[in-house]
Amino acid sequence: MPTRPIHEPRRDDCPWCGAPGPRTRLRAPDLRHGRPGTFTLDECRACAHVFQNPRLTPEGLALYGAAGTVWRRARRRDHRGTGRAVRRYCPEPESWLDVGTGDAAFPAAVKELFPYTSFDGTDPTERVTAAAEEERIEEAYVGHLGRPGLPRRLRGRYDVVSLLGSLVRAPDARAELRAAVDAVRPGGYLVLELPDPDSAWASLLGKWWHAHTQPHHLQLLPLPNVRAELEGTGCRVLEEDRVTAHRPTDLSTALDLRLGRGLPTPLARALVTTAHATDIALAPLLSRTPFTNTYRVLAHKPL
């Protein structure tokens, strides 16, 4: 067990806007691994920012293995959809930084769309180093982009910077976002995809909703907050999309969490597979309703 505390002091204000008196959104255990502890997600009454409170310290994140877990990554088809959205504005970027790249699944999926682009990646785990060794990316940086110590030479270096779900686990989401903007060269582009805390699935599924997964997700950012932060850095938001950004995973992930530890594996797998087929079948309808679960933002950094 760690000798230092695994939780920070509980906050009485919002870490995003500073407003006092957040309300409790939900409490949940570690549903995926069944490790001890109950975690609380609070929601700001003023700006709707959702945050773990009290939040795990770095020692706590290491204890629960949370640093290496990210909001459910998209399928290859979804990655390519993200790539095509960027290509409408920047068809031939020379350099691209994927923040929170993990095994570099995203750069590998879109390489055919951008054959002449040099992809680099950051991740808080050593998986990014292995991705570079396997030539999925060219340069690897271990750590969160917003932490002190990452190379200053990343500033103003990239035509495109992508943050695909990584802000939910960043220790300081605002610092991570601003560092991403700093890494974009003037005239370049930023693309973000995040789970939408306003999704109807959030209230319907509660602790079983994939974006509420604890203790792995430190915060959920409402779209208006992200838009305001980007505009505050001088970026111009070009596109906001909840339709094509939707990820058909809600029912299957909830069922996986609910049944995966309680039923024989073959039966649980069959039920989850059926639920996933239902997710996919419903996606064309749900993506245009309050049940859409993800939003994408494309922003331009002026010259």
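Figured I'd write up the structure that's included with this text.

Conventions adopted
Residues numbered from 1 in each chain as written. Predicted model: local features only at pLDDT ≥ 70, side-chain atom pairs only at ≥ 80, totals over all residues. Heavy atoms only, no water. Pairing = 2+ DSSP bridges. Helix = DSSP H or I, 4+ residues; strand = E, 2+ residues; numbered from the N terminus. Axes fitted to C-alpha atoms, helices over the stretch in contact; angles between N-to-C directions. Contact = heavy atoms within 4.5 Å. Buried < 20%, exposed > 50% of the residue type's maximum accessible area, 1.4 Å probe, protein only. Core = buried A, V, L, I, M, F, W, Y, C linked by side-chain atoms within 4.5 Å.

Attention shifts here to the sheet that holds strand E5 (residues 118–123). Read across the sheet, 7 strands follow the order E6-E5-E4-E7-E8-E11-E10 without closing on themselves; strand pairing throughout is mixed. Either end of the sheet is taken by a strand with one partner, and the two such strands are strand E6 (139–142) and strand E10 (236–241). Sheet twist, expressed as the average angle between the axes of neighbouring strands with direction ignored, equals 15 degrees. Where helix H2 (residues 76–87) meets the sheet, its contacts fall on strand E4 (95–99), strand E7 (158–164), strand E8 (184–195), E10 and strand E11 (294–300), and the angle it forms with E11 comes to roughly 30 degrees.

On to the pairing of strand E2 (residues 38–43), then. Burial of E2 is extensive: 5 of the 6 residues sit out of reach of the surface. Examined bridge by bridge, strand E1 (residues 23–29) and E2 share 6 bridges and lie antiparallel to one another. By the bridge assignment, proline 29 is partnered in E2 with threonine 38. Sheet topology places E2 next to strand E3 (residues 50–52); 3 bridges connect them, and they run antiparallel. Its bridge partner lying in E3, glutamate 43 is registered against valine 50. Hairpin connection, E2 to E3: the antiparallel pair is bridged by 6 residues, and alanine 48 has positive phi, about 70 degrees.

Looking now at the nonpolar core. Counting 46 residues, the largest nonpolar core has Leu145, Val161, Leu163, Leu190, Leu192, Leu221 and Leu230 as its most contacted members. Secondary structure elements with two or more residues in this core: E1, E4, E7, helix H5 (173–183), E8, helix H6 (200–205), helix H7 (223–232) and E11. The greatest single-element share of this core, amounting to 6 residues, is contributed by H5. Setting aside anything within four residues of it in sequence, one finds leucine 192 in contact with Leu163, Leu167, Leu177, Val226, Leu230, Tyr295, Arg296 and Val297.

For alanine 170, the location among the structural elements is in the loop between E7 and H5. Expressed as a C-alpha distance, the spacing of alanine 170 and histidine 144, which sit 26 residues apart in the sequence, is 6.8 Å. The residues touching alanine 170, leaving out its near neighbours within four places in the chain, are Arg55, His144, Glu176, Leu218 and Gln219.

Here we take up the environment of glycine 156. You can see glycine 156 is positioned in the loop between E6 and E7. For glycine 156, a relative accessible area of 30% translates into the label partly exposed. Sequence-wise, glycine 156 and valine 184 are 28 residues apart; in three dimensions their C-alpha atoms are separated by 4.9 Å. With near-sequence residues (within four places) excluded, glycine 156 lies in contact with Asp182, Ala183, Val184 and Arg185.

None of this, on its own, says anything about what the molecule does.
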